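Structure at a glance
The lines below spell out each chain.
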Amino acid sequence: MDVAVEGLRFERGGRTVLDIAGLAFGGGSTTAVFGPNGSGKTTLLRLIGGLERPSAGAIRIGGTRVTRDPASRRHVGFAFQEAVFVGGSVRRNLDLALRLRDLPPADREARVAEAARECGIEPVLDRSARQLSSGEAQRANLARALALRAPVTLLDEPLTGIDRVTRVQLLDDLPRMLATFAATTILVTHDREEAFRLADHLVVLVDGRVRAAGPKAEVYTRPPDRATAELLGYTVVGTGGRTIGVPAGAWALGNGEASFEMVVERVVDMGNHLHAVGMVGGVRVDLRLRPGEPVPSPGGRVLIAARAHVPVG
Amino acid sequence: MGDAIVLLLGGDAELYGIIGRTLAISGMATLLAMMVGVPLGYALARGRFPGRTLLLGAVNTGMGMPPVVVGLVVWLLLTRSGPLGDWGLIYTREAMVIAQFVIATPLVVGFTAASIQALPAQLPDLLTSLGAGRLRKLWILSREARLGLLAAVMAGFGAIVSEVGASMTVGGNLRGSTRVLTTAIVTETSRGNLPVALALGCLLLGLAFAVNLLLTLVQQRRNG
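Residues numbered from 1 in each chain as written. Chains lettered and ligands numbered in written order. Predicted model: local features only at pLDDT ≥ 70, side-chain atom pairs only at ≥ 80, totals over all residues.

Describing the overall build of chain A
Scanning chain A from N- to C-terminus turns up eight helices and 18 strands. Dimensions along the principal axes, computed over C-alpha positions, put chain A at roughly 70 × 45 × 35 Å. In chain A, buried positions account for 43% of the 313 residues. (Helix = DSSP H or I, 4+ residues; strand = E, 2+ residues; numbered from the N terminus. Buried ≥ 20, exposed ≤ 12 C-beta atoms within 10 Å, placed from the backbone.)

Here is the structure:
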């Protein structure tokens, strides 16, 4: 089921939090709404989920205008950033979600079992939901939203607040979980890796406005401006009258098609390799040195080249 | 205590009347305070409107309101020459229910607001997103906050079943009509009838204990 917003504006305390002329999320796609903290990502999700009313504009789900409809009529599954539970077991929490959607008991039982199996929470199904580890709680939180098998699933920072090992596991498991349960998925994240790993489409949101939207490869290779390019992980520098974005790890010592003089500030020992950190025309550059390369001295100048780059703007 | 047991087992109709009246008046006042105080407490806990903090401050002040002052204000309102004198409620059980309701309501509002605020902040949004309507959401949240809500009932009931100032002022302690356990204790003490006063005191304590024990049993039951 596709989701579209038109002329959407949301104001809070006299400040415009969100102002989107138009945006469409294709049916069956997974879109990451990506941007820095405070860019309006969660607000967009809450507006689509019916937890906030827009100041202006329209929201359509499956072609039907739902702008003024309560959350209960939107057929949306929502996993909040913070895993919040009612008292009682994980099973009770999953069951409550399905009961609130008026599913008969036999269906509920089957759905709970399936969601628990696919989301890896079978062993904790009968434990108190409020006593789970952060990773288990996040899986239970996702399982509750996914068990609804809603036409539209909304995930707010699904991998935030969990330890690194669990995050890596969940990052691996989540695409499979979404493929099993979710039709159209919109997830918000401030983490670039999450956005690229989990989504096939990308929306870049900065200060409540859409800077770029489309298939992720398209957005990544054609950042429309410096802010978007930097958010996508590029180091943005000017050369020969044009602006280019150099992806992380694409800098190398030496000459090339796009070469720059870097003033070395310091050399950082990472244990198994060295990084030279310096400035190129007022922009900070981080250069990973390959084994055997000469180590530049702090204060010195070295020639560096961008082995790969994209045009910005 | 022995006198209390003798009194209780003696089949004294007047004593049973006093006990029944005490439970009926304080029970009704608590029920009314819950009906008004729980939604108000919920609104104060979750609502965002101008004057909310001021209102919470007023409620917290009201939680420590001296019953005799409440009794005086209600008396001034209900007395024959007062603004509500035409209602003819002064020195009736209804007047006592009104006074006790005024005493219990701030306690219920305060305890409810605190227990709702103690719930995870995103719980109402979660229930909304799952499709719960307004009433169903209030019901689930009340279940989640039931420890605090039952504490509100206990605090409200405990405060009014044991107060004497307001009941005496607006009820008049009329034998067979508005006399309750606390006012009966005052009467027996002023008459120098200390054993009976003590026995009534023990009965009042026992009654308060029995009601609170019942509520505590409900409160401490595990999630179903």
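A closer look at the sheet that holds strand β14 (residues 259–269) of chain A
Residue and element names in this part refer to chain A. If you walk across this open sheet you meet the five strands as β13-β17-β14-β15-β16, and the pairing is antiparallel. Lying at the two open borders of the sheet, with one neighbouring strand each, are β13 (251–253) and β16 (283–289). Between one strand axis and the next, the sheet turns through 45° on average, direction left out of account. Sheet topology note: the β14/strand β17 (residues 301–306) ladder contains five bridges and is antiparallel. Bridge pairing in β17 places V263 opposite R301. (Pairing = 2+ DSSP bridges. Axes fitted to C-alpha atoms, helices over the stretch in contact; angles between N-to-C directions.)

Notes on the nonpolar core
Membership of the largest hydrophobic core comes to 94 residues, with the highest contact counts inside it found for A:A143, A:L146 and A:A147. Broken down by element, the residue count for this core peaks at seven residues, all from helix α4 (residues 134–147) of chain A. The residue makeup of this core includes at least three contributed by each of domain 1 (3–221) and domain 2 (234–311) of chain A. In terms of nonpolar packing, the next biggest core, distinct from the first, is built from 51 residues, B:Y42, B:V108, B:A159 and B:A184 among them. (Core = buried A, V, L, I, M, F, W, Y, C linked by C-beta atoms within 7 Å. Domains from an automatic or database assignment.)

Quick word on the interface of chain B and chain A
Counting from both sides, the interface comprises 14 residues of chain B and, opposite them, 14 residues of chain A. Taken together, the residues of the side of chain B that touches chain A sort by class into six nonpolar, six polar and two charged. (Contact = placed C-beta atoms within 7 Å. Nonpolar A, V, L, I, M, F, W, Y, C, P; charged D, E, K, R; others polar.)

Regarding the pairing of strand β9 (residues 201–206) of chain A
Residues and elements named next belong to chain A. Among the six residues that make up β9, five are buried, leaving the element largely enclosed by the rest of the structure. Inspection of the sheet shows strand β3 (residues 30–34) paired to β9 by four bridges, in the parallel sense. The residue bridging A32 from the neighbouring strand is L202, located in β9. The pairing of β9 with strand β10 (residues 209–215) spans six bridges and is antiparallel.

Examining the environment of B:G171
Residues and elements named next belong to chain B. The topology assignment puts G171 in helix α9 (residues 165–171). Of the residues examined, G171 has 27 C-beta atoms within 10 Å and is grouped as buried. With 12 residues separating them in the primary sequence, G171 and T183 have C-alpha atoms 9.3 Å apart.

So, the packing of helix α8 (residues 146–161) of chain B against helix α11 (residues 194–220) of chain B
Residues and elements named next belong to chain B. At a closest axis distance of 10 Å, the pairing of α8 and α11 adopts a crossing angle of 175°. Viewed along their axes, α8 and α11 adopt a mutual orientation that is roughly antiparallel. Residues R146, L147, L150, V153, M154, F157, G158 and V161 of α8 touch α11, and the partners they reach there are A208, V211, N212, L215, V218 and Q219. Of the residues contributing to the contact of α8 with α11, the split by class is 10 nonpolar, three polar and one charged. (Parallel < 35°, antiparallel > 145°, perpendicular 65-115°, else oblique.)

Notes on the packing of helix α2 (residues 13–46) of chain B against α8(B)
Residues and elements named next belong to chain B. Across the interface, α2 lies against α8 with an axial gap of 9 Å and an inter-helix angle of 140°. It follows from the interaxial angle that α2 and α8 lie oblique. Remark: the crossing between α2 and α8 carries right-handed chirality. Note on element contacts: α8 touches α2 through L149, A152, V153, G156, F157, I160 and V161, opposite T22, S26, A29, T30, A33, M34, G37 and V38. (Left-handed = near helix turned anticlockwise from the far one by under 90°.)

Looking at the confidence of the model for chain B
On average, residues of chain B score 90 in pLDDT, and 97% of them reach the 70 mark or higher. Overall fold confidence for the complex sits at a pTM of 0.80, while the interface term, ipTM, reaches 0.84. (pLDDT = per-residue confidence, 0-100.)

Focus on unusual backbone geometry
All names here are of chain A. The residue D102 is not glycine, and still its phi comes out positive at about 60°. Tracing the chain through its elements places D102 in the loop between α2 (90–99) and α3 (105–118). What makes D102 exposed here is the crowd of 7 C-beta atoms within 10 Å. The backbone of R149 sits at a positive phi, close to 50°, despite the residue not being glycine. Topologically, R149 is positioned in the loop between α4 and β7 (152–156).

Description of the sheet that holds strand β1 (residues 3–12) of chain A
Residue and element names in this part refer to chain A. Strands sit in the order β2-β1-β4-β5 across an open sheet of four strands; the sheet is antiparallel. Each edge of the open sheet carries a strand with a single partner, namely β2 (15–25) and β5 (64–65). Sheet contacts for helix α1 (residues 41–49): β1, β2 and β4 (56–61); angle to β1, the most-contacted strand, approximately 115°.

Some points on the environment of B:M35
Residues and elements named next belong to chain B. The topology assignment puts M35 in helix α2. The class for M35 is partly exposed, based on 13 C-beta atoms found within 10 Å. Here the alpha-carbon distance between M35 and G85, two residues 50 residues apart in the chain, equals 26 Å.

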